[in-house]
Amino acid sequence: MKKQSKVLYLKVGKVEKIPLEDTKRKELISAIKKYPIKKAFLTKIGFKEDEQGDLEHHGGENKALFISSQKTYDEINKECKMDLNIDEVSHFGENIIFSNISENDICVGDIYQLGEVKIQITQPRQPCWKLSANTNKKEMTKFIFQSGLTGWYAKVIIEGVVCVNDELILEKRKYPNLSIKKLNQLTINPLLDEKITNEALNCKVLGKPFGESLSKRYKFKDKDEQFSFYHT
């Protein structure tokens, strides 16, 4: 077992209706704004205190947790010339912010001990227009997609309490080729490494939404327009 990180912030939120200006949508109905707490009970479908506004694309057992990191935020701030603080309301809807890791350090299928709970990584986050709306930066969704600074989802194997400062301990890594960073690169260009693309498509642990998206991208290549729909 290997300690990889620790919890810097836990965040939960309720569904809100947020009016929007200068966009093609009039409002944002979402629980993307999540607020810091010290501890929370994690169930198979997420923290008890947490909500999701779009149950078709968020939440559920395979997306029980949405996770980001300080390193990811630092890189976003650097590249976008912004100052998004990690110690306040979430900017991307994250439930947990970890220290010392990034999309390059986490692989689909990884099993981790975290406080009382055990989790397994399922897929990268697939960015949508709400990231631009919530950060008031028109190109944010496109940037997150192209940079691969997406964060990642996990499912819950064992329920329990998670607290700030709990350690993230890697117990098992079955798919070392399928890092969140690599998967994000392949969803832009699945021909970048067809061997790993096919490994991902045959990985039973990989979240179904991401797998279907990657499969469509691989099949239709430049003719695939799925992301123009989600990003705007």
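My aim in this report is to walk through the structure given alongside it, one point at a time. Here the residue index of a chain counts from 1 through its sequence in written order. Where local features are concerned, this predicted model is filtered to residues with pLDDT of at least 70; where side-chain atom pairs are given and counted, the filter is 80 or more; whole-chain, interface and lining totals use all residues. Based on all heavy atoms of the structure, the side-chain values leave hydrogens and waters out of the count.

Digging into the packing of helix H5 (residues 194–201) against helix H6 (residues 208–220)
In plain terms, the rule: Every axis in this analysis is a line fitted to C-alpha atoms, fitted for helices over the stretch in contact. Angles between the N-to-C directions lie between 0 and 180 degrees. Segments assigned H or I by DSSP are reported as helices when at least four residues long, segments assigned E as strands when at least two residues long, and all are numbered from the N terminus. Just so you know how the angles are binned, under 35 degrees is roughly parallel, over 145 roughly antiparallel, 65 to 115 roughly perpendicular, and the rest oblique. Should the near helix be turned counterclockwise from the far one by less than a right angle, the crossing is left-handed, whereas a clockwise turn marks it as right-handed. Two residues form a contact once any of their heavy atoms are found within 4.5 Å. For this scheme, ten residues count as nonpolar: Ala, Val, Leu, Ile, Met, Phe, Trp, Tyr, Cys and Pro. Four count as charged, namely Asp, Glu, Lys and Arg, and the remainder, Gly too, count as polar.
As a packed pair, H5 and H6 sit with axes 10 Å apart at the nearest point and diverge in direction by 140°. On the basis of their axis angle, the class for H5 and H6 is oblique. Considering how the two elements wind past one another, H5 and H6 form a crossing that is left-handed. Facing Glu194, Thr197, Asn198, Ala200 and Leu201 of H5, the residues of H6 in contact are Gly211, Leu214, Ser215 and Tyr218. The residue inventory of the contact of H5 with H6, partitioned by class, reads four nonpolar, four polar and one charged.

Topic: the side chain of Ser90
Inclusion rule: Think of it in three bands: residues with accessible area under 20% of the maximum for their type are buried, residues over 50% are exposed, and the middle band is partly exposed, with areas taken using a 1.4 Å probe on protein chains only.
Turning to its location among the elements, Ser90 is positioned in the loop between helix H1 (70–80) and strand E8 (96–98). Residue Ser90 is classed as buried on the basis of its relative accessible area, which comes to 1%. The contact partners of Ser90, leaving out residues within four places of it in the chain, are Lys11, Ile32, Lys33, Lys34, Tyr73 and Asn134.

What about the pattern of salt bridges?
Between side chains of opposite charge, pairing is possible as soon as their charged atoms come close. Applied cut-off: A pairing counts as a salt bridge when a side-chain nitrogen of Lys or Arg comes within 4 Å of a carboxyl oxygen of Asp or Glu.
Enumeration over the complete set of coordinates arrives at seven salt bridges. Residue Lys34 pairs with Asp50 through a salt bridge whose shortest N-O separation is 2.9 Å. On the criterion of sequence distance, the pair formed by Lys34 in the loop between strand E3 (27–30) and strand E4 (35–37) and Asp50 in the loop between strand E6 (46–47) and strand E7 (65–69) is long-range, its members being 16 residues apart. Side by side, Lys34 and Asp50 carry an identical accessibility label, which is buried. Note that Lys208 and Glu212 form a salt bridge whose closest N and O atoms lie 3.9 Å from each other. One end of the pair, Lys208, and the other, Glu212, are both in helix H6, four residues apart, so they sit about a helical turn from each other. Given the relative accessible area of 48%, Glu212 is considered partly exposed.

Side note on the packing of helix H4 (residues 180–188) against H6
Direction vectors running N to C along H4 and H6 enclose 40°, while the axes themselves pass 8 Å from each other. Considering the angle they form, H4 stands oblique to H6. Two secondary-structure elements touch here, H4 through Leu183, Asn184, Leu186, Thr187 and Ile188 and H6 through Phe210, Ser213, Leu214 and Arg217. When the residues that make up the contact of H4 with H6 are grouped by side-chain class, the tally is five nonpolar, three polar and one charged.

Re the pairing of strand E13 (residues 167–172)
Here is the rule we go by: Any two strands between which DSSP finds at least two bridges are classified as paired.
Taken together, the four bridges between strand E1 (residues 2–12) and E13 define a ladder with antiparallel strand orientation. Pairing of Lys2 across the sheet is with Leu170, part of E13. The pairing of strand E9 (residues 111–114) with E13 spans four bridges and is antiparallel. Residue pairing for E13: Leu114 is matched across the bridge by Leu168.

Considering the environment of Ser69
Selection rule: By the criterion applied in these results, polar contacts are pairs of N or O atoms within 3.5 Å in which, for protein atoms, one can donate a hydrogen and the other can accept it, and in which residues neighboring in sequence qualify only through two side-chain atoms.
You can see Ser69 is positioned in strand E7. If near-sequence neighbours (up to four positions away) are discounted, Ser69 is found in contact with Ile97, Phe98, Ile101, Ser102 and Trp152. In this structure the side chain of Ser69 is engaged in a polar contact, spanning 2.8 Å, whose partner is the backbone oxygen of Ile101.

Notes on the packing of aromatic side chains
Selection criterion: Here the aromatic set is Phe, Tyr and Trp, taking the six-membered ring for Trp, and pairing holds for ring centres within 6.5 Å; pairs whose planes are under 30 degrees apart are stacked, those over 60 apart are edge-to-face, and all others are tilted. Only lysine NZ and arginine CZ atoms are considered, and such an atom sits over a ring when it is within 6 Å of the ring centre and within 35 degrees of the ring normal.
Throughout the structure, instances matching the rule amount to two aromatic pairs. Here Phe66 and Tyr153 contribute two aromatic rings whose centre-to-centre distance is 5.4 Å and whose plane-to-plane angle is 45°, an arrangement assigned as tilted. A residue pair is termed long-range when its members are at least 10 positions apart, and Phe66 in strand E7 and Tyr153 in strand E11 (residues 152–158) qualify at 87 residues. We note that Phe66, like Tyr153, is buried. On the numbers, 5.4 Å between centres and 50° between planes, the contact of Tyr73 with Phe92 is tilted. Taken together, the positions of Tyr73 in helix H1 and Phe92 in the loop between H1 and E8 put the pair 19 residues apart, joining distant regions of the chain. Here the two residues Tyr73 and Phe92 agree in accessibility, since each one is buried. In this arrangement the basic side chain of Lys11 is found over the ring face of Tyr9, its NZ or CZ atom lying 5.8 Å from the centre.

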